[in-house]
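What follows is the residue order along each chain.
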Amino acid sequence: MTSTRPKKPIAVLAMVSAVLASLTLSAGAQTPQPISADTFTLIILHNNDGESKLLPDEDAGLPGVARFAAQMKQMQALAAPVGDGVITLTSGDNFLASQELGVSLAREGALYDSIALSGLYDAMALGNHDFDLGPEVTARFIEGFDPAIPFLSANADFSDEPSLAALVEAGTLAASTIIETGGQQIGVIGAVTPLLPNISSPRNVVVSDVLAAVSAEAESLTERGVNKIILVSHLQDVDEEIDLIASLSGVDVVIAGGGDDLLRNDGDTCMPDDEPAGPYPTLVADSDDVEVPVITAPGGYRCIGALIVTFDADGNIVNTTGRSTAVSFAVTPDPDVQSNVVEPLAEAVAEVDADVIGTSEVDLDGRRAMVRTTSTNQGNLHADALRATGANLAESFGISPPDVAIQNGGGIRNDAVIPAGDVTTGDTWDIAPFRNFVVVVEIPRETFHVLLEQAVDRIPGAGGQFAQISGFTMSYDPTAVARETDRAGDCSLIGDPGARVRDVVLDDGTVIVSDGAVVPGDPLMLATIDFLAGGGDCYPLADLEFTKLGVSYQQALAEYISVDLGGEITADDYPVGGDNRIIAVAPEPEPEPEPEPEPEPEPTTVTVVRGNTLWRLAAVHLGSGARWSEIYELNMGRVQADGRRLTNPHLILIGWVLELPAA
């Protein structure tokens, strides 16, 4: 698309950058000069991974959504006269199962997240957490926006989910959209991680290849005359977007999401004490060797990115600059968001937090890095709660009580140590915020073995599939070959089946796995959550029938503490550091072979010639004439070829063969 405006000086970009650098909340931002050029300057304001961090928490560095909304609106107002166009986008994980979201779900009407974010964005991408509670909640979140805006995901097919298919029909949910700003059309494409079915609960949403879907959408937009295209993608790690760009063509800017990655320049205010993953923006060459700016921001409404992109008349980028800005605690919260979201939500959360359901004698460790790599006392507590729930309800559902239970580490979300003392309903919501329900499934021993191999396949890395267990102990060898599955596809085995699990023994002494081999016997009854029973985290359970008990895993945990444990979490039952339910063992070293005995050295001899003396022989062959006596003692009395013997150290005869000691 060609601009007909008069040509304007590129030097004005320095002024644009300076003005954008002043997009803080201080009064008196300078008034920009009019921009003139045969170019188009677009200012992109963005964030990602808000994840329902709606309430301020100064200790956690969270300014809250009311301050975020106020600062975003001020930045939009300041940016409008600076650039030719302004667009505001986010790249997914717009909400997250949490205590805050649980309170929001329990009320009538729009979710608090939808209310808080309404009016801020031109378009939004969908991330994996936006499907955690099922398609109906995804739809409720989207429907709660006033005014409605497009939500984007090019590589997701929503046709088999009625609530989402209706939004597609209405045009609210789409692969891409065109935003008009400053008299120009900006194409925006969305994409979600292909891991979605394995790490979330999209049910019948079908996810396809990212590259193919985005390329097709970019080509379609280009054919419609759009020559400025932005991808808002949620691929879980900015490196995934960087890898994608190398094979991509026709996309001008990429906004990444899902990795909580920090891109920052010297002087930027976003998390200045943290080490950035790269500069803001990071420039990456696409398949046409065109540099594409990649931008992203840490989540939790902590930062807002501001990128200035200048295009020539043909839609080619001729300049990029920008910064990553912290959302300031000094900002006056947006009054509408404060009164309609923050205040009622804070009041409801306070009521839940005040509901004490028990006490703990010990600190309970739910740190993300721990529950995804080793057994912890909080993980044990949660797995025990699933098994107890299954046992308590087995008779009423006509099933056998569970022998074992597994809670995946990725479903434990508090990422903190709960100090000894009171335990509240709020704590259980922090630990177990997802809409996961307790199920019981009969599982063959061989399948259980495969499941455990899957659970430890990321070690020493931290993986959400790592199992917190109940009803058995297991040992595994972290140095052995790991199981290899197609996590980006159908979870099929694509490499080694794994050989890490060594021994599995039930609490009653029944051996299930011995020295890496399954012991034949009856199947087991397993209590777990429906996310895993449906094949989440590539657990091999999708083909097995299960019984859903109608109790969420948060309810199971709360009732286990308050009822089964009588409100007392003891140090004996849940010691700090866990109770060795899962043990990483090193393989026995191979015995070292006995060293071969050193061969006896062949004797060294010398034949006496004219002029030799024992002194001279010692000096030449032993390094010192003073060692002559060693030669004499070694050869004294030995019969020579002429029948004579050495008896006088001063008399040796030509032709005698004398043995020499070691040099």
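Each remark here, short or long, concerns the structure printed above.
Conventions used here
Residues numbered from 1 in each chain as written. Predicted model: local features only at pLDDT ≥ 70, side-chain atom pairs only at ≥ 80, totals over all residues. Heavy atoms only, no water. Salt bridge = Lys/Arg side-chain N within 4 Å of Asp/Glu carboxyl O. Helix = DSSP H or I, 4+ residues; strand = E, 2+ residues; numbered from the N terminus. Buried < 20%, exposed > 50% of the residue type's maximum accessible area, 1.4 Å probe, protein only. Pairing = 2+ DSSP bridges. Right-handed = clockwise from strand over helix to strand, strands pointing away. Phe/Tyr/Trp six-rings, centres within 6.5 Å; stacked < 30°, edge-to-face > 60°. Axes fitted to C-alpha atoms, helices over the stretch in contact; angles between N-to-C directions. Parallel < 35°, antiparallel > 145°, perpendicular 65-115°, else oblique. Left-handed = near helix turned anticlockwise from the far one by under 90°. Contact = heavy atoms within 4.5 Å. Disulfide = S-S within 2.5 Å.

### Examining the pattern of salt bridges
Right, so step 1: Inspection of the entire model under this criterion finds 13 salt bridges.
Right, so step 2: Among the salt bridges present, the one from D507 reaches R387, with a minimum N-O distance of 3.7 Å. Within this pair, whereas D507 is found in the loop between β24 (501-506) and β25 (511-514), its partner R387 is found in helix α12 (residues 377-397), the two being separated by 120 residues in sequence.
Right, so step 3: In this structure D507 comes out as exposed when scored by relative accessible area, which is 53%.
Right, so step 4: Measuring nitrogen to oxygen at the nearest pair gives 2.7 Å for the salt bridge that ties R502 to D515. Of this pair, R502 sits in strand β24 while D515 sits in the loop between β25 and β26 (517-518), placing them 13 residues apart in sequence.
Right, so step 5: Classification of R502 by relative accessible area gives partly exposed; the value is 23%.

### Side note on the pairing of strand β2 (residues 85-90)
Right, so step 1: With six of six residues buried, β2 lies mostly within the body of the structure.
Right, so step 2: Of the strand pairs in this sheet, strand β1 (residues 39-47) and β2 are connected by six bridges, and their pairing is parallel. When the sheet's bridge partners are listed, L42 is paired in β2 with G85.
Right, so step 3: You can see the chain leave β1, run along helix α2 (residues 65-79) and come back into β2, and the turn it takes is right-handed.

### Considerations on the packing of aromatic side chains
Right, so step 1: Overall, the coordinates contain seven aromatic pairs when judged by the stated rule.
Right, so step 2: Between the aromatic rings of F95 and F141, the centroid separation amounts to 4.9 Å while the plane-to-plane angle is 50°, which identifies the pairing as tilted. With F95 in the loop between β2 and α3 (99-105) and F141 in helix α5 (residues 135-143), this residue pair connects regions lying 46 residues apart in the sequence.
Right, so step 3: Look at F95 and you get buried, because its relative accessible area is 1%.
Right, so step 4: Classification of F141 by relative accessible area gives buried; the value is 0%.
Right, so step 5: For the pair F145 and F151, a centre-to-centre distance of 5.2 Å together with 75° between the ring planes defines the contact as edge-to-face. Neither residue differs from the other here; F145 and F151 are each classed as buried.

### As for the packing of α2 against helix α10 (residues 335-353)
Right, so step 1: Contact geometry for α2 and α10: axes closest at 9 Å, N-to-C directions at 155°. The angle between α2 and α10 places the two elements in the roughly antiparallel class. As for how α2 packs across α10, the hand of that crossing is right-handed. Contacts between α2 and α10 involve V65, A66 and A69 on the former and, on the latter, V337, Q338, V341 and V342.

### Structural notes on the state of the cysteines
Right, so step 1: Enumeration according to the criterion identifies two disulfides in this entry.
Right, so step 2: The partner cysteine of C270 in its disulfide is C303, sulfur to sulfur 2.1 Å. In this structure the cystine formed by C270 and C303 twists about its S-S bond by roughly 90°; its chirality is therefore right-handed. Of this pair, C270 sits in the loop between β11 (253-255) and β12 (282-285) while C303 sits in strand β14 (residues 303-312), and the two are 33 residues apart along the sequence.
Right, so step 3: Judged by its relative accessible area of 0%, C270 is buried.
Right, so step 4: Given the relative accessible area of 1%, C303 is considered buried.
Right, so step 5: Sulfur-sulfur distance for the disulfide between C491 and C538 comes to 2.1 Å. Residues C491 and C538 are joined by a disulfide whose S-S torsion is about -70°; by sign, that bridge is left-handed. In this pair, C491 is assigned in the loop between β23 (472-476) and β24 and C538 in the loop between α15 (530-533) and β28 (546-552), connecting sequence segments 47 residues apart. Neither C491 nor C538 differs from the other in exposure class; each is buried.

Read these as geometric descriptors, not functional statements.
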